[in-house]
Amino acid sequence: MVCGNMEVEVPRSTWDKLYDPQPEKVAIAVKSLKNCIIGSKKQKEQIVEQGLLARLVNLLVEPDINPRVKTNVVQIFGSISKGSELTAKSLSDAGVVKILLNGLVNTEPQLTEACLLSLVSIFDSKETSIEVIYSDPAIISHLLSLMPHSTNSSVAVCRLLTKGCESLDHQNILLNSGTPKSICEVLSSPVPVAQLCALQCLAAMVYKNENAAHVYLSTSAQGKSLMGHIVFYTGREHQEEIQLEASRILTYMYRCGVFEEDGLIVFQVLPCLVRLCKKEERVVNRILAAETLAYLIEIDVELQQIAAISNHLICTTASFLRWEPDHRQKASGMSRVQMNKLTQQLEKEADQAKQLRKAAFHVFASLSANDEEIRKRLIETEPVVQSVVGALQDSDEDVVMSAIRCLHSLSRSVQLLRTTFQDHTVWEPLMKILSSPASKVESVLVASSTLCNLLLDFSPSKEKILDSGAVELLCELTRKYDPSLRLNGVWGLMNLSFNSEQRIKSQIMTTLGTDQVFRLLSDTEIQVVMKTLGLLRNLLSNEKHHIDTITSLYGKQLMQAVVFILESENSHEVKEQALCMLANIANGDTSKKLIVDNEDVLKKLKSYMLHNNTNLQTAAVVCIQNLIWREEEGSCDRQAKLKDIGVFNILNQLKTAEDSVLKEKVKMALDQASM
Amino acid sequence: LKILYPAVDEEDTPLPRAWSTKDKFNYIGLSQNNLRVHYKGHGKTHKDASSVRATHPIPSSCGLYYFEVKIVSKGRDGYMGVGLCAQDVNMNRLPGWDKHSYGYHGDDGHSFCSSGTGQAYGPTFTTGDVIGCGLNLIDGSCFYTKNGHHLGVAFQDLPPNLYPTVGLQTPGEVIDANFGQEPFLFDVEGEMRELRRRTRNLISNLSWPKKHGEQQTVLQKMVSSYLVHHGYSQTAETFARCTGEEISEELTSMRNRQQIQKLVLDGRIGEAIATTQQLYPGILRNNVDLLFRLKVRQFIEMVSGADTLEIQPRPEDASAAGQRDQDGAASMEVEARSEDNQNQAMNNGNNISNGNCETPSDSMDVDSRFTDTDSNPAPESEETTEAKPSSILANPAKFEALIKFGRGLQELAQQVEKEDVVILQEAFSLLAYSDPWNSPVAGQLDVSGREAVCYTLNSAILESKNLPGRPPLEISVAHSRHLLKLMANKDLGACAFADPELIN
C-alpha cells in the first residue's frame, strides 16, 4: 500500500450520485464510496464532514432499497467507525447504532451479518456506550438467536456480548437470557476464532459472579457439557489464547467456590497460566495470564507454594519489570505517516510495559501473601524490591496501587521489616500517598495496612515514620468514614504504642483526644473497638510511671471507658479486653487508687470473677492480683478493703476451678494475700 | 511405552526400561526388576557417590523423553541426584558433576550442569516426592518436575544419546524408577501435544518453494493422480469436476484397469490374465516375471478354490473388452500429455462421495493432510475367508488339472529370476497338506496376497502407457517416511512429531 502522500481531496460532487433518482446509479456510488474510504482515515473524515451520513442512514432505512446496497452502506458505517474518535462519534450522533440494531431483524443473512460486524466495530471505539443493547430485552435474545446462522455471526455476537458485559447487572441479564447455552453450542465449532470469542464471553460473564459459575456447571448443549468444553480447551493442542481464556474461566469459577479442586486447577489451569507468562509468549497473553494467575492464587497458600516453584515463575515475572520491546526503529528519514505510526507504536509499548509491571506486582503480592520462604526468594530476586519501591512514586495510579499491594504482602515478613524496607525507606512514598488528599480510598487502605506492619515494634523504620508525622496521620484515619480506614488507623496507633516511650504515648493521647477514644469505643465495627482497647492497653503498659502518668491525666475518662464497655452489649472478647485494661491500670502505683476507690468497678470485678466465661474470670482475677500485690505500697489497705467486700472468699471458691490458667492465677493471687 | 513414543523403532533404538545391572558403580544395589535403586556403600564423603545408568540411551525419535523417580527413602542425608548422562561418564559420581552429565540434587535443590558446583534451580526433594526428568530432543533442553509440577528448564543444548541416571551418596537412600510402565504424575501427553502443535505449525508455515498459488494445484494433481492410479474412476471424475483439473487418463482405460484389478482381487486370476492379454497385449509378454507371479497366484487360488482353469468370459465382458481395446488405443496420445499442462486451480473438492468403487482400499492409505479432501473411498472388501471354498484337493479331476498347471508353471519358472522361484516352491508346498487351510503355509491362501500382485499388475499397465508406476502421492508419503527415518538416525527429535500418520 502506498500511503501518506496519496491523500487526494475527493470533491463532494463525486458523491452526488448518492442522491440520484436511479437506484442503479446509487448502488454504484455506494460501492465506490465503500472502496474509497477503506484504509483512509482522511476519506472517512471527509465523508462525515460532507454530511453524507444522513443520506446513508436514509438509504438504510428506506424499504425499497436493494439489500445489497444496504449491506454496502452498513459496511461503510463499519469502516467509518474504524477511523478516528471523531468519525466514530459522528456515527453515534447520527443514530446509526439504533438503526443497525433494528437492521438485525431482517431476512437477508448477508445484511444481518454486515450489521453485526459493523456493530462490533462501532462498539470497539470508546465513543459508543454499549448500554444500548440492554435498552430492549428483545435485543439480547435476538442476538443469541443469530448465533447459529454462521461462524461470522457467532463470533460477532460473542464479541458484542463480551464487550457488553461491564457490570454485575449485565452479567445477570446475559445469564438469564440463556447466553451460556448458546455459547456452549458455539464451542462445538471447529473454527479457532469462534472458540476463542465464545470463551472470552464466558470469562466476562463469570468474573466474580457465583451465580454464573453455578449456571456453567449445569449447562450443556448438543449432548456436551459446557464444563467439558472448557476443560477441553485448556488442552495444549489448542492455540495459546484459547488455553488462556479457558483457564481464565476456570479460575473465576474456582474463586467463586463452585467446584472442589481435584487436580484441574493444580495440574491444568495453574501450569497453563504460569507457562503463558513466559517470555516466548505474546505480551498481551503474558499480561492476562499473570493477572489471572495472581487472582487464582490470591488466597490459597498451597497454590502460592506450587506456583512459586512452577516453571521459574518468579524469574519470569521479574523479567516483566525489565521488559523492553525488541525492535527500535530510527526516527530519521521517515515520512509523517511512518512517524505517526511509530508514535502510536511507542505509546502502545509504554502502555504494555506499564501493564506488565502492574501484573508482575499483582503476582508478587499474591505469591508472598502468606509464605515467608517465598517472600525471601522474592527479595533475593532482582529487581523486585527496587521496582516496587520505585513504582510507589509512579505517575500512574494503577501501578502505584499494585505496588502497594505487593509491598503490603511483603511487609508481613519480620525479616524484611528489619532489613530491606529499612534500606529502601519504603515509608516515604507510603506516607505521601496517605497524606495526599487525592489518593483513592482503596490505595489509602492498602497503604495504611502496610504502614501498620511497618510500625510493628521490631521494625527499625518505626522511629523514622514517627518523625514524619505518623501519629497525626493515623489519628486522622480514625476519623474517616470508611470503617476499614478507621480500623487501620487504630491498628497503626496500637502497633505504634506497643512498648513505646512515654513521649510517644502522650503524643498519641493528646493527638487522638479522649472524645475520639470514646467515639471509637462505641464504633459499630467490633474490630475497631477491639483495637482501640488494645491501643489503650498498650498505652497502659510497660513502666509503672507510664501507667501513672496516663491515669493522672485521663484517669477519670479511662475508668468511664471501662465501665462503658463492661456495661455495653459487646461480646465476651471485648469485655475481656476491658478487664485486661483494668488489670493494666491496677499495675500502676497511684493508679490502683482509681480502682479501689471506685465501688462500681469493684462490684463489677467481683461479678466477673464469678462469670461463666473462664477468660473473663481470669482477667478479673489478674486485676485483683495486681491490686493486692504484696511488695507494693499500700498493699495492706487494699487487701483489707477487698477482703471486706468479699473478694477473698470468691478467690477461695475459685481454687477448685477446672481451668488450669484460672487456677494458677487464683493461686498466685492468694499467695499475695498476706492475711 | 509404544503409545508414548510412537515414532521410536525399538528394533534400532530400544527404549530404556530398567536400570542396567552392569553399568553401575559397586555401591548401587538393584531390586524389583531392576527398577529400585538403593545405596549400599559407606556414604562418608563424596568419593562414595555412586550412580547407575539405564539399559539404553534415549532415542532421539522420542521427541520428548520423560521418566520419573519416586524417593522411597531419603536415607541418612538425602544426597540424591536425578538426571542424564553420556555413556562414558564415571559412575563413581553423582549426576551432573562431570562433563556430559546433568543432575538435579535433592539436598539443596540445585541443578548441576557438568560442574561440581550447582546453581539454584528448584525446591529440595525428599522421602515421598516424585521427581520427573524430561528431555526435549528437538531443542536439547531438559526440565524437571516435582510431584507433577513443572519446575522449568534446567539445562539447554544437551548432546544426543544420553542415558537416564540416578546417583546416591548416603546409606538408606532408595529410589524407584518409572520409565513409563506406570502412568506418570506429570502430564507428559500435554507437553507432547504442545510440541506436536508447534511442529505442525512449523511445517505449515514453511514457504512453498515455487510460485504462490501453485501449491493447491500441485496438491490437487497429486490427489487426482492417486485416484486415477487406483482406478477410482467415479471419485476421480467428481474430483476433477470440482477442481477443474483434468484427468491424466481416459476414463475407459481407467475402468479397464479397475475391471482387471477387481478380477485379481476376487481371486479370478485366470480371467484377469486373459483380460489383460486382450486389452494390453504386450504387457505380460514383455514382463515374464509379472506373468509368473500372476500364475503362481492363480495356482494358489486354484488350491483355495477361488479360481479354476476353465476361463469362460461372459459375453458382455468380451464385447466390452473389445470396445475398450479401441478406446485404449485411442487414449494413448491423451495420456502422453504431460501433467504439467494442467493447471487452473479452483475450489477444493471437499466431501466427494464415492459412487461404486468396488476395489478394496489399498493397504497404503492416503493421508488427508496431503489432500485437504475427504476422498478416501473404497468400502471394505466383502470377501473374507469365512466361507472357505471346498478344497480342490478333494476333487481328483481338478486336482489333476492343477498338477498339470503346476508343471506348466515349473517350465515358466525357468525364465524368471532365481529369487522369484521361491514363491512357486512355497505355493507347491500347499499340496503337501491334506487340508491346506490348516497348514503352516496357509498364510498364502489369505486374500491379502492378491493385493500385492494386483498392485504390480496395475503399475505395469500404467507404465506401459508412460504413466507413473506409483502415484506421486504415495511416492511423497513414502519419501516423508524415509526422511523421518533419516531424521531419527541423525538425532533430530522433531521426527517424533512430524509423522504424517499422526499429524492432523
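Residues numbered from 1 in each chain as written. Chains lettered and ligands numbered in written order. Predicted model: local features only at pLDDT ≥ 70, side-chain atom pairs only at ≥ 80, totals over all residues. Heavy atoms only, no water.

Chemist: So what exactly am I meant to see when it comes to the overall build of chain A here?
Modeler: When helices and strands are counted, chain A shows 41 helices and 2 strands. In terms of C-alpha radius of gyration, chain A reaches 35 Å, well past the compact-globule figure of 26 Å for 675 residues. Expressed as a percentage of its 675 residues, the buried residues of chain A come to 54%. Residue pairs in contact within chain A that sit at least 24 positions apart in sequence constitute 69% of those at least 6 positions apart. Summed over all atoms, the accessible surface of chain A reaches about 30300 Å², with 51% contributed by carbon and sulfur. (Helix = DSSP H or I, 4+ residues; strand = E, 2+ residues; numbered from the N terminus. Rg over C-alpha atoms; globule rule 2.2 N^0.38 Å. Buried < 20%, exposed > 50% of the residue type's maximum accessible area, 1.4 Å probe, protein only. Contact = heavy atoms within 4.5 Å. Areas by Shrake-Rupley, 256 points an atom, 1.4 Å probe, with all protein chains shown as cover.)

Chemist: What should I look at first to understand the overall build of chain B in this one?
Modeler: Within chain B, the secondary structure is distributed over 13 helices and 14 strands. A total of 504 residues make up chain B; the buried ones form 48% of that total. Considering only residue pairs separated by 6 or more positions, chain B has 68% of its internal contacts joining residues 24 or more positions apart. Accessible area for chain B stands at about 23800 Å²; split by element, carbon and sulfur atoms hold 49% of it.

Chemist: In this structure, what is going on with the pairing of strand β13 (residues 163-168) of chain B? I would like to understand it.
Modeler: All names here are of chain B. Taken across its 6 residues, β13 has 6 buried, putting it largely inside the fold. The two faces of β13 match: Y163, T165 and G167 on one face and P164, V166 and L168 on the other face are all buried. Note: strand β4 (residues 50-54) against β13, 4 bridges, orientation antiparallel. The residue of β13 that forms the bridge with S51 is G167. Sheet topology places strand β6 (residues 81-85) next to β13; 5 bridges connect them, and they run antiparallel. Bridge pairing in β13 places C85 opposite Y163. (Pairing = 2+ DSSP bridges.)

Chemist: Teacher, can you tell me more about helix α9 (residues 151-163) of chain A here?
Modeler: Because each turn of an α-helix spans 3.6 residues, side chains separated by three or four positions end up pointing in the same direction. All names here are of chain A. Here α9 contains 13 residues, and its C-alpha end-to-end distance of 18 Å stays within 8% of the 18 Å for a straight helix at 1.5 Å per residue. Residues S153, S154, V155, A156, V157, C158, L160 and L161 constitute the buried set of α9. The inward-facing, buried residues of α9 contact α7 (109-124), α8 (137-146), α10 (168-176), α11 (179-186) and α12 (192-206). (Expected span 1.5 Å × (residues − 1).)

Chemist: I keep staring at the pattern of salt bridges and nothing clicks. Help me out?
Modeler: Any two side chains of opposite charge can pair if their charged atoms end up close together. What the rule picks out here adds up to 31 salt bridges over all chains. The residue R248(A) makes a salt bridge to E245(A) at a minimum N-O spacing of 2.9 Å. Of this pair, R248(A) and E245(A) both sit in helix α15 (residues 240-255), separated by 3 residues, roughly a single helical turn. The same class applies to R248(A) and to E245(A), which are both buried. Residues D351(A) and K354(A) are paired through a salt bridge, measuring 3.8 Å at the closest nitrogen-oxygen approach. Taken together, the positions of D351(A) and K354(A), both in helix α20 (residues 336-367) and 3 residues apart, correspond to about one turn of that helix. It is possible to trace a salt-bridge network through shared partners that takes in R236(A), E240(A), R275(A), E281(A), E191(B), E194(B), R197(B) and R198(B). (Salt bridge = Lys/Arg side-chain N within 4 Å of Asp/Glu carboxyl O.)

Chemist: What's the story with the sheet that holds strand β10 (residues 130-136) of chain B in this structure? I'm lost.
Modeler: Hydrogen bonds along the backbone pair up the strands of a sheet, which may run parallel or antiparallel. Residues and elements named next belong to chain B. Here we have 7 strands laid out as an open sheet, ordered β2-β3-β14-β5-β10-β11-β12, and antiparallel in their pairing. Two strands lie at the open edges of the sheet, namely β2 (28-31) and β12 (149-155), each paired on one side alone. Strand-to-strand, the axes of this sheet are offset by a mean angle of 25°, without reference to chain direction. Where β2 and strand β3 (residues 36-39) come together, 4 bridges link them in antiparallel fashion. Following the sheet pairing, L30 is matched in β3 by V37. (Axes fitted to C-alpha atoms, helices over the stretch in contact; angles between N-to-C directions.)

Chemist: Is there a simple way to explain the interface of chain A and chain B in this structure?
Modeler: Many authors give the size of an interface as the accessible area that is lost as the parts come together. Of the residues lining the interface, 17 residues belong to chain A; the matching set on chain B comes to 17 residues. Summed over the shared surface of chain A and chain B, the number is 7 salt bridges. Taken together, the links from chain A to chain B amount to 8 residue pairs in polar contact (both at pLDDT 80 or more). The set of elements that each furnish at least two residues to the side of chain A that touches chain B consists of α15, α16 (264-276) and α18 (301-309) of chain A. (Polar contact = N/O pair within 3.5 Å; in protein donor to acceptor, adjacent residues only side chain to side chain.)

Chemist: It is not clear to me how the sheet that holds strand β8 (residues 110-113) of chain B should be interpreted in this structure. Could you clarify?
Modeler: All names here are of chain B. Spatially, 7 strands are ordered β1-β4-β13-β6-β7-β8-β9 in an open sheet, and the strand pairing comes out antiparallel. Each of the sheet's edge strands pairs with one partner strand only, and the pair in question is β1 (19-24) and β9 (119-120). Looking at chain direction, β6 and strand β7 (residues 101-105) are connected through 5 bridges and run antiparallel. Paired with G81 across the bridge in β7 is H105.

Chemist: Looking at this structure, I do not really get the state of the cysteines. What am I missing?
Modeler: Where two cysteines share a covalent bond between their sulfur atoms, that bond is called a disulfide. What the rule picks out here adds up to 0 disulfides over all chains. In this structure C406(A) is not part of a disulfide, and its nearest cysteine sulfur, from C277(A), lies 15 Å away. (Disulfide = S-S within 2.5 Å.)

Chemist: In this structure, what is going on with the packing of helix α17 (residues 283-297) of chain A against α20(A)? I would like to understand it.
Modeler: Packed helices, taken two at a time, are described by the angle between their axes plus the distance between the axes. All names here are of chain A. At their nearest, the axes of α17 and α20 sit 8 Å apart, and the two run at 25° to each other. Comparing their axes, α20 and α17 come out roughly parallel. Crossing of α17 against α20: the hand is left-handed. In contact with V283, V284, R286, I287, A290, E291, A294 and I297 of α17, α20 contributes Q352, Q355, L356, K358, A359, H362, V363, S366 and L367. Residue composition of the contact of α17 with α20, by class: 10 nonpolar, 4 polar and 3 charged. (Parallel < 35°, antiparallel > 145°, perpendicular 65-115°, else oblique. Left-handed = near helix turned anticlockwise from the far one by under 90°. Nonpolar A, V, L, I, M, F, W, Y, C, P; charged D, E, K, R; others polar.)

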